Amino acid sequence: MSTTKKFVAAAVGLGLVTLSACTSSDSGDGEGASESKTVTLVSHDSWAASKSVIRDFEKQSGYQVKVLKDGDAGQALNKAILTKDNPQGDVLFGVDNTLLSRAFDNDLFQAYEAKDSDLLPPEYRIDQQKKRITPIDFGDICVNYDKAYFEENDLTPPESFDDLVKPEYKDLLVTENASTSSPGLGFLLGTAAKYGNDGWRDYWTKLKANGVKVVDGWEQAYNEEFSGSAGGKKAKGDRPLVVSYASSPPAEVVFADPKPDTAPTGVAYGTCFRQIEYAGLLSNAKNAKGGQALIDFLISKKFQADMPLNMFVYPMREDAQIPEEFTKYGAPAEDYEVMAPEDIAKNRDQWVKSWTSLVLK
Amino acid sequence: MARLGLMALPVAFFAVFFAYPVAAIVARGLKVDGAWQFGRLGEVLAQPDVRHVLWFTTWQAFASTAFTLLIALPGAYVFARFDFRGKQLLRAVITVPFVLPTVVVGTAFLALVGRGGLLDELWGVRLDTTVWAILLAHVFFNYAVVVRTVGGLWSQLDPRQEEAARVLGASRFAAWRKVTLPALGPAVAAAALMVFLFTFTSFGVVQILGGPTFATLEVEIYRQTSEIFDLSTAAVLTMIQFVAVGAILAVHAWTVHRRETALRLVDASVTARRPRGAGQWTLLAAVLGTAALLLVLPLAVLVQRSLDAPGFAYYKALTSGESDVFLVPPIEAVGNSLQYALAATALALLIGGLAAAALTRRDAGRLVRGFDALLMLPLGVSAVTVGFGFLIALDEPPLNLRSSWILVPLAQALVGVPFVVRTMLPVLRAVDVRLREAAAVLGASPWRVWREVDLPMVRRALLIAAGFAFAVSLGEFGATVFIARADNPTLPVAVARLLGRPGELNYGQSMALSTILMVVCAVALLLLERVRTDRTGEF
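Residues numbered from 1 in each chain as written. Chains lettered and ligands numbered in written order. Predicted model: local features only at pLDDT ≥ 70, side-chain atom pairs only at ≥ 80, totals over all residues.

> Can you help me understand the overall build of chain B in this one?
A count of helical and extended segments in chain B gives 24 helices and four strands. In chain B, the proportion of contacts linking residues at least 24 apart, taken out of those at least 6 apart, comes to 82%. (Helix = DSSP H or I, 4+ residues; strand = E, 2+ residues; numbered from the N terminus. Contact = placed C-beta atoms within 7 Å.)

Here's what the structure looks like:
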């Protein structure tokens with residue numbers, strides 16, 4: 001009995017304490033003290049880097065790096081926009097060309113021109129007047145195929161967008177929801193670039209009739225539904241075609257044990273859309289100086305050479321050494337669809353909306 | 001005057017931590033250059049996609065409610081009228097699903113009917129991304145609401161009234177229809193409305209089991225805010241849900257009011273007896289079988305999946321710092337969750353207790369009764385909206401809480417308060433007001449009256465309220481997922497993130513974490529069952 005009384009008293013007491021604690025409005029646990037020492041990178045869940053490379057940067061710069069992985073690329077960006085007056089970090093890495101306009105429209109970034117940015121290929125250095133972003137890496141979103149399936153069935157793998165609607169590839173393709181997944185959106189933009197504002201709806205009507213399956217995210221599509229990936233084989237995935245990246249085959253090799261001579265999957269190079277990832281200094285960054293140093297580091301030779309095998313993207317710097325196993329199994333596309341950022345900005349939301357009605361409902 | 005003093009804190013709490021953040025996020029979506037864009041309302045409603053979502057939300061809520069009533073009403077009868085061995089334990093077991101986090105329920109059904117799930121292995125049947133998985137999970141979730149609300153009253157109805165009708169020549173069915181059903185009606189209506197409310201605003205279950213095709217309003221608000229970033233559509237949807245939930249709650253308040261009409265109630269222990277005859281035994285067996293299949297099997301599968309690797313590998317992996325999903329070993333989420341939930345429980349008890357005390361007197365005016373209904377709103381307003389509202393509203397002085405740990409318990413306390421009020425109110429109202437008056441006349445201060453008169457009588461109810469507040473805080477997902485910091489995940493957030501990652505190890509770990517969460521909730525509930533009183537509100 002008396003223990004109950006004590007419990008209640010303690011609970012009420014605790015309540016009072018917490019309430020008074022919250023009305024005294026502290027701005028967080030001692031952030032101010034470590035402000036200049038810690039630099040925080042906000043990124044998406046796919047962020048990965050070698051520990052030694054990060055440690056070298058910390059040693060050289062004197063900053064401690066904190067990484068906040070905040071959902072997929074779209075979610076991380078949206079949350080950064082909603083919290084931009086009091087941001088969670090100093091630098092956002094991972095906003096790509098498909099969503100870039102959303103960051104600009106909401107004044108997410110402040111100007112900073114990274115050291116060595118003149119070494120980057122000029123075609124990727126956009127926003128040269130305001131200098132709000134720095135291109136870090138690129139990748140190609142392309143359809144991948146399961147080599148074994150096509151050999152067993154004596155079928156030629158598809159090569160182009162046009163091939164995908166042919167009857168021999170009926171019920172073989174799985175893709176991602178364009179409104180929730182960045183490869184899904186990239187693939188949609190690829191078809192829009194290829195067939196134009198008027199043609200892509202017809203194309204998707206045909207694709208739907210040809211049995212395309214749509215799932216919410218890349219993880220599910222690639223590692224569960226696709227029959228060619230290690231994860232998909234285990235999960236008994238039954239779709240031999242998937243929307244993924246040109247760099248997915250090397251990942252299949254690198255992570256396999258023992259390593260096979262050739263990749264178990266191939267890339268349909270006629271279905272590629274180029275995706276470029278940027279980093280920017282957040283508008284109200286608490287540690288702007290540290291953020292600038294961090295962006296310099298993201299395009300340093302060392303980090304750029306470390307990227308391919310960690311995030312499976314191609315580094316922006318042409319002089320960065322790309323590991324051989326990476327280029328051997330997955331070269332970037334030579335012919336790919338592109339779309340000007342202003343065209344994406346103008347049409348993206350409308351296209352995604354009508355794609356959702358057309359394909360999902 | 002004293003009552004106004006009691007109300008001040010709860011009112012301030014709801015104004016600052018509920019109304020203000022929700023208004024802020026709605027304004028962010030609907031206000032352009034200082035002018036409200038109410039025209040958006042019509043535009044959004046005209047979109048076929050939005051109408052599709054509204055239609056799905058409504059019909060699945062109706063279907064879920066109908067199925068739940070169909071399956072749970074026989075259960076309510078059996079628990080009310082039959083006496084059998086293990087009844088006490090079983091009553092606790094069927095309540096476990098209700099306090100389980102939606103994420104765990106989703107995971108459990110995924111393990112049962114999803115890819116590689118039990119049904120898939122046995123017969124190649126997969127129900128995930130079909131509406132059936134959602135409906136099943138909703139029945140699983142709300143079975144206890146019906147059994148407890150309806151069965152609680154049923155067990156206290158005097159069976160002699162029905163017997164009297166039969167003596168007077170009524171058939172068994174006529175006696176039931178004319179005597180029992182009218183008495184039971186309001187309780188059935190109240191239970192149905194609660195189930196409707198919970199399924200209408202369903203988030204975690206639909207998010208996990210629905211795939212890209214099915215979305216309730218709540219899920220669509222999440223997608224529009226977090227993924228599509230169409231804040232004005234999200235704001236409109238939030239307002240629609242707000243109106244719908246307000247209407248449901250108003251009807252609910254009305255049925256509760258009607259239920260308070262005098263009924264001849266008797267002690268539950270005298271109305272239950274051993275089943276007699278083949279018919280009654282069959283009914284009992286059927287109800288128990290259904291409960292086992294529907295409620296126990298998914299949880300059992302969940303536990304089995306979490307152990308589906310040699311040497312507790314999934315549990316061991318939880319303690320490893322090698323995880324690439326979190327900055328900390330996932331097991332730390334357990335400690336975080338417990339701390340957050342305890343703080344949230346304390347807050348909910350404080351706020352809810354004060355509110356219940358203020359609402360106690362039966363002569364409470366209309367204003368106070370309105371406040372009663374208002375306290376229920378956080379249960380039905382999009383948690384996603386609350387979470388985002390916290391992010392954008394509570395980030396500048398004098399309330400700069402953005403990077404403070406208190407944000408998570410505050411959001412969790414919002415959903416805990418309604419449970420505290422619902423549990424405390426009936427008990428507090430039952431305290432004879434003359435006792436308080438007598439104490440006051442004898443010179444006791446108001447504080448002393450509360451401590452010496454009220455507290456001893458409501459202690460058990462307070463404990464039960466604490467237990468429910470603790471369980472719902474522990475399971476809160478919709479708001480927490482936005483405000484929990486990446487280096488301090490809670491259990492449900494950790495489960496959801498592990499589920500979203502590829503590979504067997506992550507899947508196994510999410511099952512293991514879900515199992516831990518389920519065990520914590522179940523233990524809290526079983527402890528409560530031991531202190532249960534007869535008059536403890538409807539939950």
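> Please clarify how the overall build of chain A should be interpreted in this entry.
When you go through chain A residue by residue, the secondary structure sums to 15 helices and 10 strands. Principal-axis analysis of the C-alpha atoms places the extent of chain A at approximately 75 × 65 × 45 Å. Counting only contacts in chain A whose residues sit at least 6 apart along the sequence, the fraction spanning at least 24 positions is 74%.

> Looking at this structure, how should I read the environment of A:Lys194?
Residue and element names in this part refer to chain A. Its place among the elements puts lysine 194 in helix H8 (residues 182–209). Taking C-alpha positions, lysine 194 is 36 Å from threonine 83, a pair spaced 111 residues apart along the chain. Each residue touching lysine 194, except ones within four places of it in the same chain, is listed here: Phe161 and Glu337.

> Just to check I follow, could you spell out the packing of helix H5 (residues 102–113) of chain B against helix H7 (residues 131–154) of chain B for this structure?
Each pair of packed helices can be described by the angle between their axes along with the distance between the axes. All names here are of chain B. Where H5 meets H7, the axes come as close as 10 Å, and the angle between the chain directions of the two elements is 130 degrees. What the angle tells us is that H5 and H7 run oblique. Read as a crossing pair, H5 and H7 show a hand that is right-handed. Judged by residue contacts, Val105, Gly106, Phe109 and Val113 of H5 engage Ala133, Leu136, Ala137, Phe140 and Phe141 from H7. (Axes fitted to C-alpha atoms, helices over the stretch in contact; angles between N-to-C directions. Parallel < 35°, antiparallel > 145°, perpendicular 65-115°, else oblique. Left-handed = near helix turned anticlockwise from the far one by under 90°.)

> What's the story with the confidence of the model for chain B in this structure? I'm lost.
Fine structural detail should not be taken from predicted coordinates in areas where pLDDT scores are low. All names here are of chain B. This prediction gives chain B a mean pLDDT of 81; 90% of its residues lie at or above 70. Here helix H13 (residues 268–271) is the element of chain B with the lowest mean pLDDT, 68, and helix H3 (residues 48–81) is the one with the highest, 91. In the predicted structure, residues 533–539 sits below a pLDDT of 50 and forms 22 contacts with residues beyond four places in sequence or in another chain. (pLDDT = per-residue confidence, 0-100.)

> It is not clear to me how the pairing of strand S1 (residues 38–43) of chain A should be interpreted in this structure. Could you clarify?
The two faces of the sheet receive side chains in turn, since in a regular strand these alternate between them. All names here are of chain A. Most of S1 is tucked away, with five of its six residues classed as buried. Looking at chain direction, S1 and strand S3 (residues 91–96) are connected through two bridges and run parallel. The partner of leucine 41 across the bridge, within S3, is valine 91. (Buried ≥ 20, exposed ≤ 12 C-beta atoms within 10 Å, placed from the backbone. Pairing = 2+ DSSP bridges.)

> Where do I start with unusual backbone geometry in this structure?
Working note: non-glycine residues mostly have negative phi, and peptide bonds are mostly trans. Residue and element names in this part refer to chain A. Although it is not a glycine, lysine 131 adopts a positive phi angle of roughly 55 degrees. With respect to the helices and strands, the residue lysine 131 is situated in the loop between strand S4 (109–110) and strand S5 (133–146). A positive phi is found at phenylalanine 312, a non-glycine position, where the angle reads about 55 degrees. Among the secondary structure elements, phenylalanine 312 is positioned in the loop between helix H13 (301–311) and strand S10 (314–315). A residue is classified by how many C-beta atoms lie within 10 Å of it, and phenylalanine 312, with 22 of them, is buried.

> How do you make sense of the packing of helix H16 (residues 332–359) of chain B against helix H21 (residues 446–475) of chain B when you look at a structure like this?
All names here are of chain B. Viewed as axis vectors pointing N to C, H16 and H21 meet at an angle of 135 degrees, and their least axial separation amounts to 8 Å. It follows that H16 is oblique to H21 by the angle criterion. Here the hand of the crossing between H16 and H21 comes out right-handed. Counted together, Ser337, Tyr340, Ala341, Ala344, Thr345, Ala348, Leu349 and Gly352 of H16 and Ala465, Ala466, Ala469, Phe470, Ser473 and Leu474 of H21 form the full contact between these two elements.

> Would you take a moment to explain the pairing of strand S6 (residues 173–176) of chain A for this structure?
All names here are of chain A. The two faces of S6 match: Leu173 and Thr175 on one face and Val174 and Glu176 on the other face are all buried. Examined bridge by bridge, S6 and strand S8 (residues 241–245) share two bridges and lie parallel to one another. Note that in S8 the partner of valine 174 across the bridge is valine 242. Alignment of S6 against strand S7 (residues 213–215), held across three bridges, turns out to be parallel. The residue bridging threonine 175 from the neighbouring strand is valine 214, located in S7. Following the chain from S6 across H8 to the adjacent parallel S7, one finds a crossover that is right-handed. (Right-handed = clockwise from strand over helix to strand, strands pointing away.)

> Got a minute to help me understand the confidence of the model for chain A in this structure?
For chain A, the mean per-residue pLDDT works out to 86, and 90% of the residues sit at or above 70. Below a pLDDT of 50 lies the segment residues 1–34 of chain A, which in the model reaches 37 contacts outside its immediate sequence neighbourhood of four places, other chains included.

> How should I be thinking about helix H12 (residues 288–298) of chain A in this particular structure?
The α-helix advances 3.6 residues per turn, and as a result positions three or four apart in sequence lie on the same side. All names here are of chain A. Of all 11 residues that make up H12, eight are buried, and the element is covered over most of its length. Buried within H12 we find Gly290, Gly291, Gln292, Ala293, Leu294, Ile295, Phe297 and Leu298. Taken together, the buried residues of H12 touch S1, helix H3 (51–61), S3, S5, strand S9 (265–282) and H13.

> Mind showing me how you'd approach the domain arrangement of chain A here?
Bring the parts together and some accessible area is lost; that lost area is often taken as the interface size. Residue and element names in this part refer to chain A. Along its sequence, chain A is carved into domain 1 (34–138 + 276–322) and domain 2 (140–275 + 325–360). Placing a centre on the C-alpha atoms of domain 1 and another on those of domain 2 gives a separation of 27 Å. Facing the 18 residues of domain 1 at the interface are 18 residues of domain 2. Elements with a contribution of two residues or more to the side of domain 1 that touches domain 2: helix H4 (73–82), helix H5 (100–105), S9 and H13. For the side of domain 1 that touches domain 2, the residue count by class is 11 nonpolar, four polar and three charged. (Domains from an automatic or database assignment. Nonpolar A, V, L, I, M, F, W, Y, C, P; charged D, E, K, R; others polar.)

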